[in-house]
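# Structure assessment
Take a look at the letters that make up each chain.
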Amino acid sequence: MGRAYVYVILGGGVSAGYAALEFTRRGVSDGELCIISEEPVAPYERPALSKGFLLPEAPARLPSFHTCVGANDEKLTPKWYKEHGIELVLGTRVKSVDVRRKTLLSSTGETISYKFLIIATGARALKLEEFGVEGSDAENVCYLRDLADANRLATVIQSSSNGNAVVIGGGYIGMECAASLVINKINVTMVFPEAHCMARLFTPKIANLYEEYYRAKGVKFVKGTVLTSFEFDSNRKVTAVNLKDGSHLPADLVVVGIGIRPNTSLFEGQLTIEKGGIKVNSKMQSSDSSVYAIGDVATFPVKLFGEMRRLEHVDSARKSARHAVSVIMEPAKTGEFDYLPFFYSRVFAFSWQFYGDPAGEVVHFGDYEDGKQFGAYWVKKGHLVGSFLEGGTKEEYEIISKATQLKPAVTDLEELEREGLKFAQTV
Ligand code: FAD
Ligand code: NDP
């Protein structure tokens, strides 16, 4: 016994929400579409979890950040799905998929069949245990991927006021959570293996500016080392962390953000996997023509760079979702997915955007002294391939986005540095 749908979206995160909206815009009929998700709530804007959700005053709570409010679109509450005849199967893990038979098996033992499947399973947080450190199960060791994690982190933050937090990892989660912890009056030490924060994107000069600001807010940095063990009290609550460089840091709270792994395991041996994700073509179609993949789990061709990429950011989740639905519903009218990678973050009063690829030579511009507006360009093989801007206006961000998309020729790096933002304005 089982249920049958024309379209099934596996996973109920950001990309699932945006796909659902696109389906309704293109005219899905009642009962044709089902979203099945392990999470107990309807799709929401995950970025809120490390920002508004952790504020001490008037924190963001559902239903305020259901998709698709993040793109200034409709807010898809559970009622919206009902009104649009979309079956939302929540709190239900899919434990196996048979791509050949076009069926899913849920943890409740139900078989769901589809004509088209969209894989939107996202990713899971990497655990310290995968690096040989035990203790992730302690109540005050917090990861941050879903709403349950965020609720737990918010509770531990409340009971740690004026205490000490150790943040493991200097990436997005580390930087955004450290800022939120400071706002919650918690003393923060950040620990990461690289020489500076956000090492895969920031240059040392960009990183230094943010790190100086964090230091002024009381954040300490311990770089070039990793966690080796936790110390626990008799209730198995962590009381301190030990680092490889021999240091020992007291801790009332530990936040871990050491990267993610895409949730591909249901499809290994059934679909082609590349760069850790499900390989799709420019129609977001996998090696099985009835199966599409979107969001963090998809490795797709980035036309602009002539390379396969897997991105872990909300803009690509939203846009790849819309594209896949467009291909499924109106194949003749839909071209190739031509995507310009876009990343952003907001911490304290800072707000930056990045477009393109952080590859090649870097040219910095703007005012790195007062730190209000500054940026960088990346130039590879004589062409602009990446642009970063802190403190821009909406129009300025649009300008750097458009310029990067055009990949203009750059002959003189010194001239580019002198021109700064003006270069993008004149492309
Ligand atoms: P997800 O949103 O992770 O959704 C995956 C869904 O699939 C989940 O609901 C999961 O439970 C479900 N699932 C997985 N396996 C199964 C299964 N077997 N059965 C049933 N359901 C399953 N990006 C930015 O660009 N800017 C930001 O500011 C930003 N902030 C972020 C803050 C946080 C705290 C986090 C965690 C991420 C942030 N991101 C940000 C990244 C962004 O949220 C992701 O790129 C985006 O959520 C990816 O969407 P997705 O639909 O691919 O996956
Ligand atoms: P990131 O990949 O951004 O950063 C992980 C960081 O942890 C890196 O600095 C990494 O170093 C470091 N690290 C790896 N192993 C260890 C270790 N054993 N000990 C200490 N540090 C370690 O992942 P996050 O966990 O920060 O973020 C998770 C996901 O959430 C990502 O997909 C991210 O894109 C997304 N996110 C995005 C946001 C945004 O776009 N604004 C905000 C919040 C989350 P190394 O580089 O050497 O591996």
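See the structure above.
Overview of the structure.

So, how was this worked out
- Residues numbered from 1 in each chain as written.
- Chains lettered and ligands numbered in written order.
- Predicted model: local features only at pLDDT ≥ 70, side-chain atom pairs only at ≥ 80, totals over all residues.
- Heavy atoms only, no water.
- Helix = DSSP H or I, 4+ residues; strand = E, 2+ residues; numbered from the N terminus.
- Rg over C-alpha atoms; globule rule 2.2 N^0.38 Å.
- Buried < 20%, exposed > 50% of the residue type's maximum accessible area, 1.4 Å probe, protein only.
- Contact = heavy atoms within 4.5 Å.
- Lys, Arg positive; Asp, Glu negative; His and termini not counted.
- Charge placed at Lys NZ, Arg CZ, Asp CG, Glu CD.
- Pairing = 2+ DSSP bridges.
- Axes fitted to C-alpha atoms, helices over the stretch in contact; angles between N-to-C directions.
- Expected span 1.5 Å × (residues − 1).
- Near = heavy atom within 4 Å.
- Polar contact = N/O pair within 3.5 Å; in protein donor to acceptor, adjacent residues only side chain to side chain.
- Areas by Shrake-Rupley, 256 points an atom, 1.4 Å probe, with all protein chains shown as cover.
- Right-handed = clockwise from strand over helix to strand, strands pointing away.
- Nonpolar A, V, L, I, M, F, W, Y, C, P; charged D, E, K, R; others polar.
- Left-handed = near helix turned anticlockwise from the far one by under 90°.

So, about the overall build of the protein chain. Per the secondary structure count, the protein chain includes nine helices and 28 strands. In terms of overall size, the protein chain behaves like a compact globule, its C-alpha atoms giving a radius of gyration of 22 Å where 427 residues would be expected to give roughly 22 Å. Taken across its 427 residues, the protein chain has 55% of its residues classed as buried. Summarising the internal contacts of the protein chain: among those between residues at least 6 apart in sequence, 61% fall at separations of at least 24. One finds the centroid of the 49 positive side-chain charges in the protein chain at a distance of 4 Å from the centroid of its 52 negative side-chain charges.

What holds strands together in a sheet is hydrogen bonding between their backbones, with the strands either parallel or antiparallel. Spatial ordering of the open sheet is given by E14-E15-E16, a layout of three strands whose pairing is antiparallel. The open sheet has two free edges, formed respectively by strand E14 (227-232) and strand E16 (248-250), since each of these has just one partner strand. Direction aside, neighbouring strands of the sheet carry axes that sit 25° apart on average. Of the strand pairs in this sheet, strand E15 (residues 238-243) and E16 are connected by three bridges, and their pairing is antiparallel. Bridge assignment links Val241 to a residue of E16, and that residue is Leu249.

In this section: helix H6 (residues 314-329). Along its 16 residues, H6 runs 23 Å from first to last C-alpha, staying within 8% of the 22 Å computed at 1.5 Å per residue. Taken across its 16 residues, H6 has 14 buried, putting it largely inside the fold.

A few words on the site of ligand 2. Around ligand 2 lies a shell of 20 residues, among which Ile173, Glu176, Glu194, Glu312 and Tyr344 are the nearest. In this structure, His313 approaches ligand 2 through a side-chain N or O atom, which is 3.0 Å from an oxygen atom. Considered on its own, ligand 2 offers 910 Å² of accessible surface; in the complex 82% of this is hidden by protein. Mapped by element, the contributors of at least two residues to the shell around ligand 2 are helix H4 (172-183) and strand E24 (342-347).

A separate point is the sheet that holds strand E6 (residues 103-106). Pairing is mixed in the open sheet, where four strands are placed in the order E1-E7-E6-E5. Of all the strands in the sheet, the pair left with one neighbour each is strand E1 (2-4) and strand E5 (94-98). The mean angle between the axes of side-by-side strands here comes to 20°, regardless of whether they run parallel or antiparallel. Note that E1 and strand E7 (residues 111-113) share three bridges and pair parallel. Among the inter-strand pairings, Arg3 is bridged to a residue of E7, identified as Ile112.

Structurally, Asp315 can be placed in helix H6. Note on Asp315: relative accessible area 9%, which makes it buried. Linking Asp315 and Pro63, residues 252 residues apart in sequence, is a C-alpha distance of 21 Å. For Asp315, the residues in contact, after removing those within four places along its chain, are Tyr339 and Phe342.

The next thing to look at is the pairing of strand E11 (residues 164-168). Most of E11 sits inside the fold, with four of its five residues counted as buried. Both E11 and strand E12 (residues 187-192) contribute to a ladder of five bridges, which runs parallel. Paired with Asn164 across the two strands is Asn187, which belongs to E12. In this fold, E11 hands off to H4, which returns the chain to E12; that crossover is right-handed. Bridge analysis of E11 against strand E17 (residues 253-256) gives four bridges, and the strand direction is parallel.

With that settled, consider the site of ligand 1. For ligand 1, the set of nearby residues contains 32 residues, the closest of which are Ser15, Glu39, Arg46, Lys51 and Asp296. Take Glu38: an N or O atom from its main chain is 3.0 Å from a nitrogen atom of ligand 1. With respect to ligand 1, the side chain of Asp296 contributes an N or O atom lying 2.7 Å from an oxygen atom. Burial of ligand 1 by the protein amounts to 94% of the accessible area it has alone, namely 1000 Å². Here the shell around ligand 1 is built from residues that sort into 12 nonpolar, 12 polar and eight charged.

Further remarks concern the packing of helix H1 (residues 14-25) against H6. It is the contact of H1 with H6, at a shortest axis distance of 8 Å, that shows an interaxial angle of 35°. Between H1 and H6 lies a crossing whose hand is right-handed. Listed contacts from H6 to Val14, Ser15, Tyr18, Ala19, Glu22 and Phe23 of H1 are Val314, Ala317, Arg318, Ala321, Arg322, Val325 and Met329. Of the residues that constitute the contact of H1 with H6, the class distribution is nine nonpolar, one polar and three charged.

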